[in-house]
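Understanding the architecture of this molecule
In case you want the letters, here they are:
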Amino acid sequence: MKVYADNAATTRCGESALKAMLPFFREDFGNPSSLHAYGQSAATALQKARESVARSLGALPQEIYFTGSGSEADNQAIRSAAFNGAKKGKKHLITCAIEHHAVLHTLNQLAREGFEVTVLPVDEYGIVTPEQVAEAIREDTALVTIMTANNEVGTIEPISEIARVCKDKRVTFHTDAVQAIGHIPMDVKTLGADMLSLSGHKFHGPKGVGVLWARRGVPLQSLINGGAQERMRRAGTENIPGIVGLAVALEEAVAELNEVAPRLSALRDKLIRGLEPIELSRLNGHPTKRLPGNVNFCFEGIEGESLLLLLDQKGVCASSGSACTSGSLDPSHVLLALGLPHAIAHGSLRLSFSRETTEADVEHILSVVPPIVEYLRNISPVWEEITKAQA
Ligand SMILES: *Cc1c(COP(=O)(O)O)cnc(C)c1O
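Going along each chain's sequence as written, the residues are numbered from 1 onward. Side-chain atom pairs in this predicted model are given and counted only at pLDDT of 80 or more, local residue features only at pLDDT of at least 70, and totals for whole chains, interfaces and linings cover all residues. In computing side-chain properties, one takes all heavy atoms of the structure into account and sets aside hydrogens as well as water.

Looking at the site of the ligand
What counts is decided by this rule: The cutoff for a nearby residue is simple: one of its non-hydrogen atoms must lie within 4 Å of the molecule or strand. Polar contact is the term for a pair of N or O atoms within 3.5 Å; when the atoms are in protein, one must be able to donate a hydrogen and the other to accept it, and sequence-neighboring residues count only if both atoms are side-chain atoms. Methods summary: accessible areas were calculated by the Shrake-Rupley approach with a probe of 1.4 Å, and residue burial reflects only the protein chains presented. The way it works is that DSSP assigns letters per residue, a run of H or I at least four long becomes a helix, a run of E at least two long becomes a strand, and they are numbered from the N terminus. Residue type decides the class: Asp, Glu, Lys and Arg count as charged, Ala, Val, Leu, Ile, Met, Phe, Trp, Tyr, Cys and Pro as nonpolar, and the leftover types, Gly among them, as polar.
Close contacts around the ligand come from 13 residues, with Ser71, Asp176, Gln179, Ser199 and Lys202 the closest. Between an oxygen atom of the ligand and a side-chain N or O atom of His201, the distance comes to 2.9 Å. When isolated, the ligand has an accessible area of 380 Å², and the protein chains bury 88% of it. For the shell around the ligand, the element with the highest residue contribution is helix H3 (residues 70–87), accounting for three residues. For the shell around the ligand, a count of residues per class yields two nonpolar, eight polar and three charged.

And the structure:
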């Protein structure tokens, strides 16, 4: 049996999204900037996709900017706010410790360029509070950027409340909503943010295409210079198949949300209840303010990497945190920010679901994880020490 439980890293492209994309590789291959029929057909598809994405988000079409990824949208949002702030002498930026590296590394770069960055700590569940944000905002704050939901531990932040604080204090607010869009209800009309990032491949759209939503009147800087695409905010011939696929996938995800989210939440809770009895295990992230499809556990005394390899042999594709940090042996910055000691943060396991996940998948996971954990502990010298210390 094969179980794909790494949907926070990427999802399978949906059939309707793929079907909608295919004509734009061959029959309708035009460049939307061309004036002839091929060009105009592509331009029409682009406009339709923009309108569709706007509808899905509760936004206006002219507030949608297509990018090459969620990472790019994060970079552009942060750099734009920093640039606009600096023009008014505001060079202070606020974020939190568990953001995606697309956010954290952009802010690190800006710190090297002379900005001051406040990184707010989170509590043991990964929550950052509106009060923390209010306290951190200064006269010279140009931007607050806090993610809607965390990609590793699934914690959902109090984003509307944080947006309200920023609005009251007239500070630009951006949210990385890459894990949230298509998974929990979101509407930019009521959200109160100024900018929001999303990525196609996290909701069964294609990879290599994202969206930066910027509320009307919020000025954007281009990261890529060249042609006049995306109203001069993002040069480069538009990825029409990708954009069309993203729009269809998003429409579908939003339409299915009320059916999929409760089903996944139930499967998530079943898996959590099934793993909790494992000795010296710990659920990472918030017990209830949590993405429907996220389960993240630490098992003391074992290495996350060995766990993943043995799970893979049993047909279970999982992750030890973020796809971007696996491959390096550093423990996840998210788990460390939650206050976990290095030794424990190494033994983490993330299982993330999608609409394709079934009850049988969860049962298979539950049948293979406990024996693998036991096996690894039996051959682990660290585990021997832990049990000795306990005795
Ligand atoms: C996946 C992800 C990103 C990056 O999106 P890409 O399209 O893969 O660049 C950014 N933020 C979060 C929270 C993510 O989960």
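Quick look at H3
Stated formally: Expected helix span is taken as 1.5 Å per residue step, with the number of steps being one fewer than the number of residues. The rule is simple: take the accessible area with a 1.4 Å probe, protein chains only, and divide by the maximum for that residue type; under 20% is buried, over 50% is exposed, in between is partly exposed.
Here H3 is 18 residues long and its end C-alpha atoms lie 26 Å apart, about the 26 Å a rise of 1.5 Å per residue gives. Of all the residues in H3, the buried ones are Gly70, Glu72, Ala73, Asp74, Gln76, Ala77, Ile78, Ser80, Ala81, Ala82, Asn84 and Gly85. Backbone geometry just after H3 places Gly89 at a positive phi near 80°.

Here's the deal with the packing of aromatic side chains
What counts here: Only centres within 6.5 Å qualify two rings of Phe, Tyr or Trp (six-membered ring in Trp) as a pair; their planes then separate them into stacked at under 30 degrees, edge-to-face at over 60, and tilted for everything else. Throughout this description, the term charge over a ring refers to an Arg CZ or Lys NZ atom that lies within 6 Å of the ring centre and within 35 degrees of the ring normal.
Overall, the coordinates contain two aromatic pairs when judged by the stated rule. Ring geometry for Phe29 and Tyr38: centres 4.9 Å apart, planes at 40°, overall tilted. For the ring pair Phe297 and Phe299, a centre distance of 5.8 Å and an interplane angle of 10° mean the geometry is stacked. Phe297 sits in the buried class, given a relative accessible area of 1%. One cation-aromatic arrangement involves Lys91 over Phe115; the distance from NZ or CZ to the ring centre is 4.9 Å. Seen from the ring of Trp383, Arg377 lies directly overhead, with NZ or CZ sitting 4.0 Å from the centre.

A word on helix H6 (residues 159–168)
Short version of the rule: As used here, the arc is the angular range of directions from the helix axis to the C-beta atoms. In what follows, residue pairs with any heavy atoms lying within 4.5 Å of each other are defined as contacts.
For H6, every residue scored as buried is listed here: Ile159, Ile162, Ala163, Val165 and Cys166. What you see down the axis of H6 is that its buried residues fit within an arc of 160°, all on one side. Residues Arg164, Lys167 and Asp168 are exposed on H6 and point more than 90 degrees away from its buried face. Packed against the buried residues of H6 are helix H5 (130–136), strand S5 (141–145), strand S6 (172–176) and helix H7 (188–191). Looking one or two residues beyond H6, the residue adopting positive phi is Arg170, at roughly 55°.

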